[in-house]
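Survey of secondary and tertiary structure
One letter stands for each residue in the lines below.
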Amino acid sequence: MKVNIETHWKKILKKEFQKPYFHNLVSFVKDEYQQYTCYPKGKDIFRAFNLTPFPDVKVVIIGQDPYHGHGQAHGLCFSVQDGIPKPPSLENIFKAIQQDLGTPVPDSGNLTRWAEQGVLLLNATLTVRAHEAGSHQGQGWETFTNAVISHLSEERENLVFMLWGGYAKRKSTLIDKNKHLVLTSGHPSPLSANRGYWFGHSHFSEANAYLEKYNREKIDW
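Tallied over the full model, the rule gives 18 aromatic pairs. With centroids separated by 6.0 Å and ring planes inclined at 65°, the aromatic side chains of Trp-141 and Phe-144 adopt a geometry described as edge-to-face. With Trp-141 and Phe-144 both in helix 7 (residues 141–155) and 3 residues apart, the pair spans about one turn of that helix. For the pair Trp-141 and Phe-144, a shared accessibility class is recorded, and that class is buried. Residues Trp-164 and Trp-198 carry aromatic rings whose centres are separated by 4.9 Å and whose planes lie at 75° to one another, so their mutual orientation is edge-to-face. Pair noted here: Trp-164 is in strand 5 (residues 160–164) and Trp-198 is in the loop between helix 9 (190–194) and helix 10 (203–213), with a separation of 34 residues, a long-range link. There is no split in this pair, since Trp-164 and Trp-198 are both buried. Of the aromatic side chains, those joined through ring pairs into one cluster are Trp-9, Phe-17, Tyr-21, Phe-22, Phe-46, Phe-49, Phe-54, Trp-141 and Phe-144.

Okay, here's the thing in structure tokens:
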């Protein structure tokens, strides 16, 4: 099966693309995009991989679903396109960075600049039907993205995994904690943040300290 994805990832994930579940997933996604409005645009489904090739990954942030509102999703978890209001979870991420590093909250919620520095912004499910959260869950995307996490854990060393909220934390079973740094917290959503589960951590400075320890360039958050 031909998948339009960055060449390093294509080689790493070649066996996944040949499995029956992935063929079924592709058929499902094609049908959904033909019958309904879905996000992100087809060309952006694998954008996280295309912006952050396998050898360049330094940090992995795991989301659950793409945004399902018009013009928001563009293939990077938590990120929105320029000119789109920042969703509450993203606002809280930027506030946490401000608390941790003292940097001002940016005007744009576009996280492309993170991806280009080696932050893999990975949603567990890569597509969604407009205005229907979770509508493409359980169709095979989770199997695929779990394989992505496993490959990163097994074939790379000294990565930082940021697992925010219960759903992301469950992915920790796929990660070798002897080789990688795993940072966990509550989800940045208002519900979690207002209960005291989000603010107060220093994930962004911890990630940079870890990267510098292993002679890797830190992220300009």
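Picking up after the structure, the text goes on.
Bringing the side chain of His-151 into the picture now. Looking at where His-151 falls in the secondary structure, it is placed in helix 7. For His-151, a relative accessible area of 18% translates into the label buried. Sequence-distant contacts of His-151, that is, excluding residues within four places in its chain, are made with Ile-12, Leu-13, Phe-54 and Arg-156.

Quick look at the sheet that holds strand 2 (residues 59–63) now. A sheet is described by the order of its strands in space; here 4 strands give the open sequence 3-2-5-6, paired in parallel fashion. This sheet does not close on itself; its edge strands, each paired only once, are strand 3 (119–123) and strand 6 (181–185). Between one strand axis and the next, the sheet turns by 20° as a mean value, whatever way the strands run. Relative to strand 5, strand 2 is paired through 3 bridges, and the arrangement is parallel. Residue pairing across strands places Ile-61 opposite Met-162, the latter belonging to strand 5. Contacts from helix 7 reach strand 2, strand 3 and strand 5, with the element oriented near 150° to strand 3. Along the sheet face, helix 10 touches strand 2, strand 5 and strand 6 and points at about 165° away from the line of strand 5.

Turning our attention to the nonpolar core. The biggest cluster of nonpolar side chains holds 65 residues, and the ones touching the most others in it are Ile-61, Phe-144 and Trp-221. By residue number, the principal contributor to this core is helix 3 (residues 20–35), which donates 6 residues. Residues within four places of Phe-144 in sequence aside, it is in contact with Leu-13, Glu-16, Phe-17, Tyr-21, Phe-22, Phe-46, Phe-49 and Leu-126.

A few words now on the side chain of Thr-145. Position of Thr-145 relative to the elements: it lies in helix 7. Within the structure, the side chain of Thr-145 is placed 2.8 Å from the backbone oxygen of Ala-124, a separation counted as a polar contact. Here the side chain of Thr-145 touches Glu-142 through a polar contact of 3.4 Å, landing on its backbone oxygen. Aside from chain neighbours lying at most four places away, what touches Thr-145 is Leu-122, Asn-123, Ala-124 and Leu-126.

What follows deals with helix 5 (residues 88–101). The end-to-end C-alpha distance of helix 5, which contains 14 residues, comes to 20 Å, matching closely the 20 Å that a straight helix rising 1.5 Å per residue would cover. Of the residues making up helix 5, those classed as buried are Ser-89, Leu-90, Asn-92, Ile-93, Phe-94, Ala-96, Ile-97 and Asp-100. The inward-facing, buried residues of helix 5 abut helix 6 (112–115), strand 5, helix 9 and helix 10. Gly-102 lies just past helix 5 and shows a positive phi near 80°.

A few words now on the environment of Asp-44. Inspection of the secondary structure assignment puts Asp-44 in the loop between strand 1 (38–39) and helix 4 (47–51). For the pair Asp-44 and Asp-100, spaced 56 residues apart in sequence, the C-alpha separation works out to 31 Å. Filtering out sequence-adjacent residues up to four positions away, Asp-44 remains in contact with His-74 and Gly-75.

Calculation criteria
- Residues numbered from 1 in each chain as written.
- Predicted model: local features only at pLDDT ≥ 70, side-chain atom pairs only at ≥ 80, totals over all residues.
- Heavy atoms only, no water.
- Phe/Tyr/Trp six-rings, centres within 6.5 Å; stacked < 30°, edge-to-face > 60°.
- Helix = DSSP H or I, 4+ residues; strand = E, 2+ residues; numbered from the N terminus.
- Buried < 20%, exposed > 50% of the residue type's maximum accessible area, 1.4 Å probe, protein only.
- Contact = heavy atoms within 4.5 Å.
- Pairing = 2+ DSSP bridges.
- Axes fitted to C-alpha atoms, helices over the stretch in contact; angles between N-to-C directions.
- Core = buried A, V, L, I, M, F, W, Y, C linked by side-chain atoms within 4.5 Å.
- Polar contact = N/O pair within 3.5 Å; in protein donor to acceptor, adjacent residues only side chain to side chain.
- Expected span 1.5 Å × (residues − 1).

Keep in mind these numbers describe shape, not what the thing actually does.
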